[in-house]
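Structure assessment
Spelled out from the first residue to the last, the chains are:
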Amino acid sequence: MSIAPRSGGFRLRGADRSASARRGRRGDPQRPLRVVALGGGHGLAANLRALRLLADDITAVVTVADNGGSSGRIRTEMPVLPPGDLRMALAALCEDSDWGSIWGDVIQHRFATEGELDGHALGNLLIVALWQILEDPIEGLDQMAELLGARGRVLPMALDPLDIEAHVRGADGELRTVSGQWQVATAEGRVEDVRLIPERPRVPQDVIDALGRADWIIVGPGSWYTSVLPHLMIPEIAEAIRTSPGRVCITTNLSVGAQEAEGMTSQDMLEVLVNASQGCRFDALLADPTTLEDALDLAEDARSRGIRTLLRQVSVGDGTPHHDPVRLAAAYRDLFDDAYGDVEPEHEGTALGTAGAAAAPATTRTEEDTHGSHG
């Protein structure tokens, strides 16, 4: 397969298939809905698998601080962005065809050997190969999207590999410094604050442009401190969100209180996000009342901040805290159509439509918590 150069405003099929978008913007059905999803790891991948059922004009903006697994090993050998989260986003956007299915499996394939390739994901190696050949990380990702027939575009949130450093308070009350995304995500104790190294990385202009033309910007789900907050901590991205004409939705995790969010409630996580947002406004919040015991309290807290809340079951419903792409897509469809169907606390038994559903224990390991483990 030859690698086609970008020229004269030409955009690759995977980067722009908006002409065939199945869901137009409300009030203007002729123009495709433009959605930007911010995050990383399994949380972002779950989001993209849902969004691809609604629209073709999707841009995934992905964290680039992963230092675990295959990505971490690649970072120690080459001065490149960690490819793991970018690979997962691309796989989640693969087209619905035999071609997309096969190539989605190919890039997710992980070698099991007794040698140096053990644990490496083939997609990581393909992405890095394209970067070395093209000497352009954005072009390399666009070419990979073209190969996969991806329904949307995948962009790194920064052009510089990032490191994450956090202050974590342990059960003994001692505050310690933890360095590295994987180390922070799996640290025992409660994260007090995080910082990015470098604090002002270079942001691709394509990211700024996508945010500036978005109808909806989705923040979360994902590892809160290592996948979600970093986007809002970069001034250029925060400014692009503040000035975007699009609306902003917070999609919460299916459970809280595990790993980096130890001891936190959903309201605590909302507070952390708002405080880190550098003045960004949030228009909506999506949460699953069948997995979050404090969903109604969270809804009241969000409303007090001027954030409309949509409570919908978006989990698979079998007791495991994993997203169901179809249910999540249906929730986003209601969100985009302003069909909130607000839930009032006094109608808890019936308004949720989930009476008797068991909430996931706070210590349950969710798909968001596995961020970085399969880099």
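The structure contained in this document is the topic of the report that follows. The structure displayed is predicted, hence computed values, not measured ones.

**Some points on the overall build of the chain**
Scanning the chain from terminus to terminus reveals 14 helices and twelve strands. By the burial criterion, 55% of the 375 residues in the chain qualify as buried. In the chain, of all internal contacts separated by at least 6 residues, the share reaching a separation of at least 24 is 73%. A total of about 15100 Å² of accessible surface is found on the chain, and carbon and sulfur atoms cover 49% of it.

**Details of the packing of helix H3 (residues 84-92) against helix H5 (residues 122-134)**
Taken N-terminus to C-terminus, the directions of H3 and H5 make an angle of 105°; their axes are 9 Å apart at the nearest point. In terms of their interaxial angle, H3 and H5 are classed as roughly perpendicular. Here H3 contributes Gly84, Leu86, Arg87 and Leu90 to the contact with H5, which in turn contributes Gly123, Asn124, Ile127 and Trp131. In terms of residue class, the contact of H3 with H5 is made up of four nonpolar, three polar and one charged.

**Let's talk about empty space enclosed by the protein**
Evaluated as defined, the whole model comprises four cavities of 30 Å³ or more. Lining the second largest cavity are Trp224, Ile250, Thr252, Asn253, Val256, Ser266, Met269, Leu270, Leu285 and Leu298. The greatest single-element share of the lining of the second largest cavity, amounting to three residues, is contributed by helix H11 (residues 266-276). Looking at side-chain class alone, the lining of the second largest cavity contains seven nonpolar, three polar and no charged residues.

**Observations regarding the sheet that holds strand S5 (residues 153-156)**
The strands making up a sheet associate through backbone hydrogen bonding, with each pair oriented either parallel or antiparallel. Here seven strands make up an open sheet; going across it, the order is S5-S4-S3-S9-S10-S11-S12 and the pairing parallel. Every interior strand has two partners, whereas the edge strands, S5 and strand S12 (308-311), have only one. Strand-to-strand twist in this sheet, taken as the mean axis angle between neighbours without regard to direction, amounts to 20°. In the sheet, strand S3 (residues 35-39) pairs with strand S4 (residues 58-62) via five bridges, with the strands oriented parallel. Within S4, the position partnered with Ala37 by the bridge is Ala60. This element, H3, spans S4 and S5 of the sheet and lies at about 170° to S5. Against the sheet, helix H12 (residues 295-304) contacts strand S11 (284-287) and S12, and its axis sits at roughly 160° relative to S12.

**Considerations on the sheet that holds strand S6 (residues 163-169)**
Spatial strand order, S7-S6-S8: three strands in an open sheet with antiparallel pairing. Only two strands of the sheet have a single partner each, and these edge strands are strand S7 (175-179) and strand S8 (190-197). The mean angle between the axes of side-by-side strands here comes to 20°, regardless of whether they run parallel or antiparallel. Along the sheet face, helix H9 (residues 224-233) touches S6 and S8 and points at about 50° away from the line of S8.

**Focus on the pairing of S6**
Relative to S8, S6 runs antiparallel, the two being bridged by seven bridges. Note that in S8 the partner of Asp163 across the bridge is Ile197. Sheet topology places S6 next to S7; five bridges connect them, and they run antiparallel. When the bridges of S7 are listed, Glu165 appears paired with Ser179. Here S6 folds back onto S7, and the loop between the two strands holds five residues, one of which, Gly173, carries a positive phi near 85°.

**As for the pattern of salt bridges**
A full pass over the atoms with the stated rule returns 20 salt bridges. Ionic pairing is found between Asp57 and Arg213, a salt bridge with its closest N-O pair at 3.4 Å. Residue Asp57 is found in the loop between helix H1 (41-51) and S4, and its partner Arg213 is found in the loop between helix H8 (205-212) and strand S9 (216-219); the two are separated by 156 residues along the sequence. Relative accessible area serves as the criterion here: at 9%, Asp57 is assigned to the buried category. Shared partners join several salt bridges into a network, and the residues in it are Arg34, Asp57 and Arg213.

**Quick word on the pairing of S11**
Burial along S11 is two-sided: the residues Ala284 and Leu286 and Leu285 and Ala287 are all buried. Here strand S10 (residues 247-251) pairs with S11 via three bridges, running parallel. Directly across from Cys249, in S11, lies its bridge partner Ala284. Here S11 runs beside S12; their pairing, made up of four bridges, is parallel. In the strand pairing of S12, Leu285 is matched with Thr309. Viewed along the sheet, the connection from S11 through H12 into S12 turns out right-handed.

**Quick word on H11**
Along H11, the residues classified as buried are Ser266, Met269, Leu270, Leu273 and Ala276. Angularly, the buried residues of H11 cover 140° about the axis, an arc narrow enough to put them on a single face. Against S9, H9, S10, S11 and H12 lie the buried residues of H11.

**A look at the side chain of His120**
Positionally, His120 belongs in the loop between helix H4 (98-108) and H5. A polar contact of 3.3 Å, which involves the side chain of His120, links it to the side chain of Arg73. Among all residues touching His120, those that are not within four sequence positions of it are Ser70, Arg73, Ile74, His109, Arg110, Phe111 and Leu125.

**Section: unusual backbone geometry**
Of note, the bond from Ile197 into Pro198 is cis; its omega dihedral lies within 30 degrees of zero at -5°. Counting through the fold element by element, Pro198 comes out in the loop between S8 and H8. Cis geometry marks the peptide bond from Gly220 to Pro221, where omega comes out at 0°. The topology assignment puts Pro221 in the loop between S9 and H9. You will see that Glu135, though not glycine, has its phi angle at about 55°, which is positive. Residue placement: Glu135 occurs in the loop between H5 and helix H6 (137-148). One non-glycine residue, Gln278, lies in the positive phi region at around 55°. Within the secondary structure, Gln278 is located in the loop between H11 and S11. We classify Gln278 as partly exposed; its relative accessible area is 35%.

Rules and cut-offs
- Residues numbered from 1 in each chain as written.
- Predicted model: local features only at pLDDT ≥ 70, side-chain atom pairs only at ≥ 80, totals over all residues.
- Heavy atoms only, no water.
- Helix = DSSP H or I, 4+ residues; strand = E, 2+ residues; numbered from the N terminus.
- Buried < 20%, exposed > 50% of the residue type's maximum accessible area, 1.4 Å probe, protein only.
- Contact = heavy atoms within 4.5 Å.
- Areas by Shrake-Rupley, 256 points an atom, 1.4 Å probe, with all protein chains shown as cover.
- Axes fitted to C-alpha atoms, helices over the stretch in contact; angles between N-to-C directions.
- Parallel < 35°, antiparallel > 145°, perpendicular 65-115°, else oblique.
- Nonpolar A, V, L, I, M, F, W, Y, C, P; charged D, E, K, R; others polar.
- 1 Å grid on protein atoms, 1.4 Å probe; cavity = no way out; pocket = protein on both sides within 12 Å on 5 of 7 lines; lining within 4 Å.
- Points joined across faces, edges and corners; volume = space filled by probe spheres on them.
- Pairing = 2+ DSSP bridges.
- Salt bridge = Lys/Arg side-chain N within 4 Å of Asp/Glu carboxyl O.
- Right-handed = clockwise from strand over helix to strand, strands pointing away.
- Arc of directions from axis to C-beta.
- Polar contact = N/O pair within 3.5 Å; in protein donor to acceptor, adjacent residues only side chain to side chain.

The values are spatial; any link to function lies outside them.
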